[in-house]
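This is what each chain is made of:
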Amino acid sequence: MSRFFSTKYKDLEAYVPGEQPRDRKYIKLNTNESPYPPAPLVSQRVEEESHLLHLYSDPECRTLTEAVAARYGLEYENILMTNGSDEVLNFAFMAFCDASHPAAFPDITYGFYPVFARLNSVPFREIPLKEDWSVDLEAFRPEETVFLANPNAPTGRYLPPEQIEALLASHRDRVVVVDEAYIDFGGESCLGLLAEYDNLLITRTFSKSRSLAGARLGFCMGNRALIRDLNTIKYSTNPYNVNRMTMAAGLAALEEDSYYMENCCRIVRTREKTATRLKELGFCLTESQTNFLFASFPGLRGEEYYGKLRKRGVLVRHFGLPRIREFVRVTVGTPEQMERFLSATEEILRETKGTLL
Ligand code: PMP
């Protein structure tokens, strides 16, 4: 830290993103990216748009916002496009939390929530997940702004909209942010609750199901007044938050919707096959509605398993947090990638047999 760094950030612990190895030797199953490339139309439109890079992007993101609104049966005024969904999550902490309106989220969830809270000096409470990794919805207090990843990460577990509706109804005076980064992999969205609940904000990303992690595109859907507030924050930080090429990519991705929805079905099929194989090998798994699996093997240390996979060229994610340190999170790749992951796993199990705890 330099002697110039603001004292308000001196204790800030930054978010640590998953590794992005530069040598490209790994089967990369560590950051929940799609294993399938963008549709060809996306690359074509990005190339065309690149000739206009001397001009700023449209700060209203009009065309893309209208396309997203049409896709989800909403109005332009219900949507805000952002630089990844991380950006809109940060905006939500800025816009809807303060000292008298703390944030609350599960103790095991997306690791960026506590970072955003600290960055914005927002007090927060972490609600322990129940033993079965389900969210303890009754534990949220009415004065708290709630952040819920649904499905949750890294557990993969999912809450149906009826359960979230009960929370919305008992939280009428605070915003409930439902982070649906993984909703295209099986769960039912809370979209149908938007008309009735002006306190619901849904965040989404193009990073997972739409193969655009590298373009940084996210958005949120909510009541017009909430979107206006978030726009105030956006125009006070970065009006051109979505660049031209990303806008073009997002628009083309929506035009090719069926390509992406088919990829989601493929990923779900691969997930279920991989889960079955892991269970046959003796792994414990949570039931996942996402593009990743959360797995542990009795007696095999999570960190050791992660390290042994890495040595064999398979990169997964391990979190050194108390309740989940014996688990690894494995992104669902192509069937071929998962075969390689499973055969590396079988080799590790053979090798460690007899030395397990
Ligand atoms: N929410 C959750 C639950 C996530 O796992 C992620 C991805 N790490 C994000 C939001 C952010 O995704 P992005 O900024 O790429 O849209």
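Source: prediction; values computed, not measured.

Parameters and conventions
Residues numbered from 1 in each chain as written. Predicted model: local features only at pLDDT ≥ 70, side-chain atom pairs only at ≥ 80, totals over all residues. Heavy atoms only, no water. 1 Å grid on protein atoms, 1.4 Å probe; cavity = no way out; pocket = protein on both sides within 12 Å on 5 of 7 lines; lining within 4 Å. Points joined across faces, edges and corners; volume = space filled by probe spheres on them. Nonpolar A, V, L, I, M, F, W, Y, C, P; charged D, E, K, R; others polar. Pairing = 2+ DSSP bridges. Helix = DSSP H or I, 4+ residues; strand = E, 2+ residues; numbered from the N terminus. Axes fitted to C-alpha atoms, helices over the stretch in contact; angles between N-to-C directions. Core = buried A, V, L, I, M, F, W, Y, C linked by side-chain atoms within 4.5 Å. Buried < 20%, exposed > 50% of the residue type's maximum accessible area, 1.4 Å probe, protein only. Domains from an automatic or database assignment. Contact = heavy atoms within 4.5 Å. Salt bridge = Lys/Arg side-chain N within 4 Å of Asp/Glu carboxyl O. Buried area = accessible area lost by both parts, 1.4 Å probe. Expected span 1.5 Å × (residues − 1). Arc of directions from axis to C-beta.

Draft legend 1. Main features of empty space enclosed by the protein. For the structure shown, the criterion picks out 2 cavities of 30 Å³ or more. Residue lining of the largest cavity: W133, S134, V135, A149, N150, N152, R157, Y158 and L159, and that is the complete set. Among the residues making up the lining of the largest cavity, the classes are represented as 5 nonpolar, 3 polar and 1 charged. Here the second largest cavity defines a volume of roughly 30 Å³. If you trace the second largest cavity, you find it lined by Y72, E180, A181, I183, D184, R204, T205, S209 and R210. The residue inventory of the lining of the second largest cavity, partitioned by class, reads 3 nonpolar, 2 polar and 4 charged.

Draft legend 2. Structural context of the sheet that holds strand β4 (residues 124–127). Strand order in the open sheet formed by 7 strands is β2-β8-β7-β6-β5-β3-β4, with mixed pairing between adjacent strands. Bordering the open sheet on either side are β2 (79–82) and β4, each of which pairs with just one other strand. Across the sheet, the mean angle separating the axes of adjacent strands is 20 degrees when strand polarity is ignored. Direction of pairing for strand β3 (residues 103–106) relative to β4: parallel, over a ladder of 4 bridges. What sits directly across from F105, in β4, is E126.

Draft legend 3. Summary view of the nonpolar core. Within the largest apolar cluster, 49 residues are counted, with the highest numbers of intra-cluster contacts made by V68, M81, F140, L148, L200 and F206. A total of 5 residues in this core trace back to one element, the largest contributor, which is helix α7 (residues 244–255). For this core, the two domains that each supply at least three residues are domain 1 (9–36 + 258–353) and domain 2 (40–255). Not counting residues within four places of it along the chain, the set of residues in contact with M81 comprises C61, L64, T65, V68, F206, L217, G218, F219, N241 and V242. Of all hydrophobic cores here, the second largest spans 33 residues; its members include F283, F292, Y306 and V332.

Draft legend 4. Spotlight on the layout of surface pockets. Each pocket or cavity is described by its volume, and for the largest pocket that value is around 1,300 Å³. Along the wall of the largest pocket there are 48 residues; nearest its centre are Y15, V16, Y110, G111 and R317. Every element with two or more residues in the lining of the largest pocket is listed here: α3 (84–96), β3 and α4 (112–119).

Draft legend 5. Summary view of the pattern of salt bridges. Within this structure, the stated rule accounts for 22 salt bridges. As a salt-bridge pair, R224 and E77 come within 3.8 Å of each other at their nearest N and O atoms. Note that R224 is positioned in helix α6 (residues 224–237) and E77 in the loop between α2 (62–71) and β2, a separation of 147 residues in sequence. Under the relative-accessibility criterion, R224 is labelled partly exposed at 39%. Look at E77 and you get partly exposed, because its relative accessible area is 35%. Between R125 and E144 there is a salt bridge; the shortest N-O distance is 2.5 Å. With R125 in strand β4 and E144 in the loop between β4 and β5 (145–149), the pair connects residues that are 19 residues apart, well separated along the chain. Residues joined in a network through salt bridges with shared partners are K308, R312, E347 and E351.

Draft legend 6. Quick peek at the sheet that holds strand β12 (residues 328–331). The strand order β9-β10-β12 describes an open sheet built from 3 strands, whose pairing is antiparallel. Only two strands of the sheet have a single partner each, and these edge strands are β9 (284–285) and β12. The sheet contact formed by strand β10 (residues 292–296) and β12 spans 4 bridges and is antiparallel. From the neighbouring strand, A295 faces β12, where its bridge partner is V328.

Draft legend 7. Up close: the domain arrangement of the chain. For the chain, the assigned domains are domain 1 (9–36 + 258–353) and domain 2 (40–255). Computed over C-alpha atoms only, the centres of domain 1 and domain 2 are separated by 25 Å. Each partner contributes to the interface: domain 1 provides 29 residues, whereas domain 2 provides 35 residues. Summed over both sides, the interface of domain 1 with domain 2 buries roughly 2,600 Å², with 65% coming from carbon and sulfur. In terms of surface lost to domain 2, no three residues of domain 1 exceed Y15, Y260 and R323, which account for 28% of the buried area on that side. In this structure, the connection of domain 1 to domain 2 is made through 1 salt bridge.

Draft legend 8. Expanded view of helix α10 (residues 335–352). Helix length check: α10 (18 residues) gives 25 Å between terminal C-alpha atoms against 26 Å at 1.5 Å per residue, within 8%. Among all positions in α10, only M338, F341, L342, A344, T345, I348, L349 and T352 are buried. Taken end-on, α10 shows its buried residues confined to a sector of 165 degrees, consistent with a single buried face. In α10, those exposed residues whose orientation departs by more than 90 degrees from the buried face are E336, R340 and R350. The inward-facing, buried residues of α10 contact α8 (257–281), α9 (302–311), β11 (314–315) and β12.

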